Amino acid sequence: MTPSSTSKAWRSPNGARGDLFDPQCPTRRLLDRIGTKWTSMAVKVLAEASPEEVRFAELQRRMPGISQKMLSATLQGLARDGLVGRRVEATVPPRVYYRLTPLGLTLEEPLAALREWAETHMAEVDRAHRRSAEDASSG
């Protein structure tokens, strides 16, 4: 697909593909949401558990470094996008469970490929970053 300011396929109610190069296309916002490290981790944990559900506290334990607030915001966004299902048990305190929806399960493969690429090439990226910083400081 080539950059196009005239393509409006994303507005089609029949589910036509979006156009990443159209500044108004929601594809950009979706990529912003699914392209985060927390989304990638949450999808991985939920995919590994699928079809079972995972409690909020267990998700937080399996995602080192994530705050309760960030996990909550990440899961809310994924639920809003139809990628994650949420179930609340009316206990005191309430127990909240999450699982990937069928749509969410389709996201695991591309995110797994991206995680694999990052893990494989991180050393190269780090070296390039250090060289760039050295060049900037000596220049």
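Now for a quick tour of the structure. Keep in mind it's a predicted model, so treat the numbers as computed, not measured. The numbers attached to residues start from 1 for each chain and follow its sequence in the written order. Only residues with pLDDT of 70 or above have their local features reported here, since the model is predicted, and side-chain atom pairs are shown and tallied only from 80 upward, although totals for entire chains, interfaces and linings are computed over all residues. To get the side-chain values, all heavy atoms of the structure are used, and hydrogens and water are removed first.

**Observations regarding the overall build of the chain**
In step 1: In this description a helix means any DSSP run of H or I spanning at least four residues, a strand means any run of E spanning at least two, and both kinds are numbered starting from the N terminus. For the chain, the helix and strand inventory stands at five helices and three strands.
In step 2: Secondary structure elements of the chain occur, N-terminal to C-terminal, as α-α-β-α-α-β-β-α.
In step 3: A buried classification covers 27% of the 139 residues belonging to the chain.
In step 4: Each accessible area is a Shrake-Rupley result for a 1.4 Å probe, and residues are judged covered by the shown protein chains and nothing else. For the chain, the accessible surface area stands at approximately 9600 Å², while carbon and sulfur atoms represent 56% of it. Only protein chains enter the accessibility calculation, which uses a 1.4 Å probe. A residue is then buried if its area is under 20% of the maximum for its type, exposed if over 50%, and partly exposed in between.

**A few points about the sheet that holds strand β1 (residues 54-55)**
In step 1: Across the sheet, which stays open at both edges, the three strands sit in the order β1-β3-β2 with antiparallel pairing between neighbours. Of all strands in the sheet, those with a lone pairing partner are β1 and β2 (84-89), marking the two edges.
In step 2: For β2 and strand β3 (residues 95-100), the ladder comprises six bridges, and the chain directions are antiparallel. Following the sheet pairing, Glu 89 is matched in β3 by Arg 95. Paired strands, as defined in this entry, are two strands with at least two bridges between them according to DSSP.

**A look at the environment of Ala 42**
In step 1: For Ala 42, the location among the structural elements is in helix α2 (residues 37-49).
In step 2: Along the backbone, Ala 42 and Tyr 98 are 56 residues apart, and their C-alpha atoms lie at a distance of 9.9 Å.
In step 3: Apart from residues no more than four positions distant in its own chain, Ala 42 is found in contact with Met 63 and Leu 78. Only heavy atoms matter for contacts: two residues are in contact if any of them lie within 4.5 Å across the pair.

**Some remarks on the layout of surface pockets**
In step 1: Quantified by volume, the largest pocket comes out at close to 340 Å³.
In step 2: A cavity, in this analysis, means grid points on a 1 Å lattice covering only the protein atoms where a 1.4 Å probe fits yet has no way out; a pocket is instead an open set bounded by protein on both sides within 12 Å along at least five of seven lines, and a residue lines either one if it has an atom within 4 Å of a point. Lining the largest pocket are 17 residues, with Lys 37, Ser 40, Met 41, Arg 115 and Glu 119 positioned closest to its centre.
In step 3: Among the elements of the structure, α2 and α5 (102-138) are those that each provide at least two residues to the lining of the largest pocket.
In step 4: If one sorts the elements of the lining of the largest pocket by residue count, α5 sits on top with seven residues.
In step 5: Per-class residue counts for the lining of the largest pocket are eight nonpolar, three polar and six charged.
In step 6: Contributing to the lining of the second largest pocket are 10 residues, with Arg 17, Gly 18, Cys 25, Thr 27 and Leu 30 lying nearest its centre.
In step 7: Residue composition of the lining of the second largest pocket, grouped by class: five nonpolar, two polar and three charged. Grid points are joined across faces, edges and corners, and a volume is the space filled by probe spheres set on the points. Think of it as three bins: nonpolar holds Ala, Val, Leu, Ile, Met, Phe, Trp, Tyr, Cys and Pro, charged holds Asp, Glu, Lys and Arg, and polar takes everything else, Gly as well.

**Quick notes on the side chain of Thr 74**
In step 1: Mapped onto the fold, Thr 74 is located in helix α4 (residues 68-80).
In step 2: Overall, Thr 74 belongs to the buried group, its relative accessible area being 9%.
In step 3: When residues no more than four places from it in sequence are discounted, the contact partners of Thr 74 are Trp 38 and Thr 39.

**A closer look at the pairing of β3**
In step 1: Here β1 runs beside β3; their pairing, made up of two bridges, is antiparallel. Looking at the pairing, Val 54 lines up with Tyr 98 of β3.
In step 2: Counting the residues in the hairpin turn of β2 and β3 gives five residues.

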